[in-house]
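So you can see what is in the structure, the chains are spelled out below.
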Amino acid sequence: MSSSVSHGPVSPADARVAPKPGLRRFHQARWDEPLIFELTSPGERGVGVPVTSLPVPSLPAGLARVAAPGLPEMSQPHVLRHYMRLSQETLGVDLNVDVGQGTCTMKYSPKVNDSFVRDARIAELHPLQDEGSVQGVLEILYRLEGLLKEISGMDRVSLQPASGSSAIYANVSMIRAYHASRGDGELRDEIITTQFSHPTNAAAPKTAGYRVITLMPDADGYPDIEALRAAVGPRTAALLITNPEDTGIFNPRIEEFVRLVHEVGGLCCYDQANANGILGITRARDAGFDLCHFNLHKTFSTPHMCGGPAAGASAVTSALAPFLPRPTVEFDGSRYFFDDDRPESIGKIRPFYGVVPNLVRAYAWIMALGGPGLREVAETAVLNNNYLISKVLEIKGVSLPYAQGRRRVEQARYSWEKLNADTGVHSEEIGYRVADFGTHYWTSHHPYLVPEPMTLEPTESYSQADLDEYAAILAEVAREAYEEPEAVRGAPHNGPIHRMRDASLEDPGTWAVTWRAYRRKVG
C-alpha cells in the first residue's frame, strides 16, 4: 500500500453510499480455465476412499477393466476453484433479469424444492430397487399424474419423457399407434402444424416419418383457417398446434380448428409446453383436444439446466391411454406399483422412471401454489407481459407486428425492422450488446418470419422494477444503435468472450463431445 494513503477517519462524503445506477454496471470474469482433464496432477486426491477389510468378490473377466479410468486427479480446493471460475463465466437465470428467453421461459425455481431432491430419501434411491422400498416416490409420481390430469382435463399422463420434445415424440408415436389400431395407420401419413407453433411440432413427426404440412399465418398473425380446410383430408393423422403461439397471440378459433380435424378422423394434439398464461383458465380437454404435453421446466418451475435434464409430460384421453409409454404407475388401494403389462403401449421412450428430481420439484411447486395459486401465476404472467409490452413499445425503432391493438398472452415477438432500416443494426447484434448489461436476449426460431425479431417473456417471476430495468437496457441499446452504432456492432465488450465463430459450430470436423474425441482431434 502506498504511504500516501490516508488512514484517518472516513469522511461523511467518502462514506456515502452511491445511488443505484440507472443501468447496472456489469463486467463478467474471464478466466483462461483449462478443461478439468488438463488440470490433473497425478497422486492428488479430493476424497480418501476407505479400504475395506471385507472380502471383495471378484468380477467376471468380461467386466474387469484392463486399465484404470483416465479420470482427473485433483484436490478439493482445485476442483472448487475450477467450477467457481466456470460459474463466473456463466450468465444464468439466478444472476439476471431473464425475460429475454421468450418461449424458453426462464422462471424462478424456488430453492426449497432443491432441498427435497437433495434429501437422501430421493437422492440415494436406485431405479431398480424393489417397489416395496420406494413407495414414497411412487406416490409422488402417482399424485403428480393426478394433478396434471386435473390441470389438462385429460384422463392419463405419462411422466416418462425426458423433455418437451421427447413428450411430443411420444405423442406422435401414440397418434401412429392409435391409427394403426384402427387399420388406417399407413393411409394417414400427414401431420399439420403452424409456422408459429414450437418447432418440435414439425420436427418430431418428420423424425417419425410423417409428411408435415405447415400453415402460415394470415394478415393478423393467426393460423390461416382456410389453409387448414384445404389441408385436412383422409391422409390427416393429426394437428399439432401451440396456442398461444410464439407470438403470444391466442387463436380464438381453436375449437373450429379441432372440429375440422376431427371431422376427417384426425387427432388433435395441444402443445402446452409453455402454459404460463393459461394455467387454471383453459384446458386442452375442454377445447376438444385428444392429447397434450407439458414442459415441466417451462411451466412448473423445474430448472432448465442448460437444456437438460429437463422433464416432460404426455397427457391423453382414455381413447389413447392404452398406447401410453410403459410402465405406468398404478395404485391398488394399498400399494403403488409399476404396470408393465400394457400390450398396446408404444413401449419405453427413455428409462422408465422419468427424470425423478424434476418430477419431485414440479410436484412440490404445484402443491405449494394450489389451484388458486396456479391461476394467479397465469394472471401475473399475462399482466407482466402486457406491462413490458407497454414499456418496450415506447422505445424508438421497435414494433409489435400482427393483431394490432390486441393484447398478447404470456409472451410477445417484437420487430426491430425500423431500427434496422434506420441504422443497419441487426437484432442479433442488439442481443450481443444486451449481454454487456448482464442479461439475456433471444431473437426467434428460424426462419425469421417477423423481420429482425426479438421474443420476450416475463413469466410471473419478475417484479415491476425488474421489468423496468430490462426495458431500460433495451432503450439504452436502441439509443446506441442510433447515436453510436459501433458500440452495438462490436458487442459484447464485457463478457468472457466476444463473438462465437459460427463456422466451427457448423463444421462437424471441429466437434468433440468427449475428452477422448478432443484429444484425438487436437492431440
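Since this is a predicted model, take the numbers as computed values, not measurements.

Novice: Tell me about the overall build of the protein, and please be specific about residues and values.
Specialist: When helices and strands are counted, the protein shows 17 helices and 11 strands. Structurally, the protein occupies a C-alpha span of about 90 × 75 × 50 Å along its principal axes. Taking all 523 residues of the protein together, the buried fraction comes to 46%. Counted over contacts in the protein with a minimum sequence separation of 6, partners at least 24 positions apart contribute 72%. Counting only carbon and sulfur atoms, one obtains 56% of the accessible surface of the protein, whose full area is about 26400 Å². With 51 positive and 63 negative side-chain charges, the protein shows a spacing of 3 Å between the two charge centroids.

Novice: Describe in detail the packing of helix α11 (residues 356-392) against helix α14 (residues 464-483), supporting the description with residues and values.
Specialist: Contact geometry of α11 with α14 gives a least axis separation of 10 Å together with a crossing angle of 30°. Between α11 and α14, the interaxial angle falls into the category roughly parallel. Between α11 and α14 the crossing geometry is right-handed. Contact residues: α11 offers N384, Y387, L388, K391 and V392, while α14 offers Q464, L467, D468, A471 and L474. Residues that form the contact of α11 with α14 fall into these classes: six nonpolar, two polar and two charged.

Novice: Run through the packing of aromatic side chains, naming residues and quoting values.
Specialist: Counting across every chain of the model gives 12 aromatic pairs. Arranged with centres 5.8 Å apart and planes meeting at 55°, the rings of Y142 and F331 form a pair that is tilted. Here the residue Y142 occupies a position in helix α5 (residues 135-152), and F331 occupies one in strand β8 (residues 328-331), the gap between them amounting to 189 residues. The exposure class assigned to Y142 is partly exposed, which follows from its relative accessible area of 31%. Arranged with centres 5.1 Å apart and planes meeting at 80°, the rings of F352 and Y353 form a pair that is edge-to-face. What makes Y353 partly exposed here is its relative accessible area of 27%. Grouping aromatic residues by their ring pairs yields a cluster made of F37, W515 and Y518. For the cation-ring pair, R85 lies above W31, with the distance from its terminal atom to the ring centre recorded as 4.7 Å.

Novice: Got a sec to walk through the pairing of strand β9 (residues 336-339)? Specific residues and values, please.
Specialist: Bridging between β8 and β9 involves four bridges; their strand directions are antiparallel. Note that in β9 the partner of T328 across the bridge is D339. Hairpin connection, β8 to β9: the antiparallel pair is bridged by four residues, and G333 has positive phi, about 105°.

Novice: Break down the side chain of R408 for me, with residues and values.
Specialist: Mapped onto the fold, R408 is located in the loop between α11 and β10 (412-415). For the buried R408, which has no salt bridge, the nearest side chain bearing the opposite charge is D220, at an N-O separation of 9.0 Å. Among the polar contacts made by the side chain of R408, one reaches the main-chain carbonyl oxygen of R406 at a distance of 3.0 Å.

Novice: Residues and numbers for unusual backbone geometry, please.
Specialist: Residues R326 and P327 are joined by a peptide bond in cis, for which omega reads 0°. Locating P327 in the fold gives a position in the loop between β7 (312-316) and β8. Residue P492 is reached from A491 by a cis peptide bond, and omega for that bond is 0°. Within the secondary structure layout, P492 lies in the loop between α15 (485-489) and α16 (502-505). Its identity as a non-glycine residue notwithstanding, S301 has a phi of 75°, on the positive side. When you line up the elements, S301 lands in the loop between α10 (296-299) and β7. A relative accessible area of 2% places S301 in the buried class. Of note, the phi angle at A403 is positive, near 40°, even though the residue is not glycine. Topologically, A403 is positioned in the loop between α11 and β10.

Cut-off values and rules
- Residues numbered from 1 in each chain as written.
- Predicted model: local features only at pLDDT ≥ 70, side-chain atom pairs only at ≥ 80, totals over all residues.
- Heavy atoms only, no water.
- Helix = DSSP H or I, 4+ residues; strand = E, 2+ residues; numbered from the N terminus.
- Buried < 20%, exposed > 50% of the residue type's maximum accessible area, 1.4 Å probe, protein only.
- Contact = heavy atoms within 4.5 Å.
- Areas by Shrake-Rupley, 256 points an atom, 1.4 Å probe, with all protein chains shown as cover.
- Lys, Arg positive; Asp, Glu negative; His and termini not counted.
- Charge placed at Lys NZ, Arg CZ, Asp CG, Glu CD.
- Axes fitted to C-alpha atoms, helices over the stretch in contact; angles between N-to-C directions.
- Parallel < 35°, antiparallel > 145°, perpendicular 65-115°, else oblique.
- Left-handed = near helix turned anticlockwise from the far one by under 90°.
- Nonpolar A, V, L, I, M, F, W, Y, C, P; charged D, E, K, R; others polar.
- Phe/Tyr/Trp six-rings, centres within 6.5 Å; stacked < 30°, edge-to-face > 60°.
- Lys NZ or Arg CZ within 6 Å of the ring centre and 35° of its normal.
- Pairing = 2+ DSSP bridges.
- Salt bridge = Lys/Arg side-chain N within 4 Å of Asp/Glu carboxyl O.
- Polar contact = N/O pair within 3.5 Å; in protein donor to acceptor, adjacent residues only side chain to side chain.

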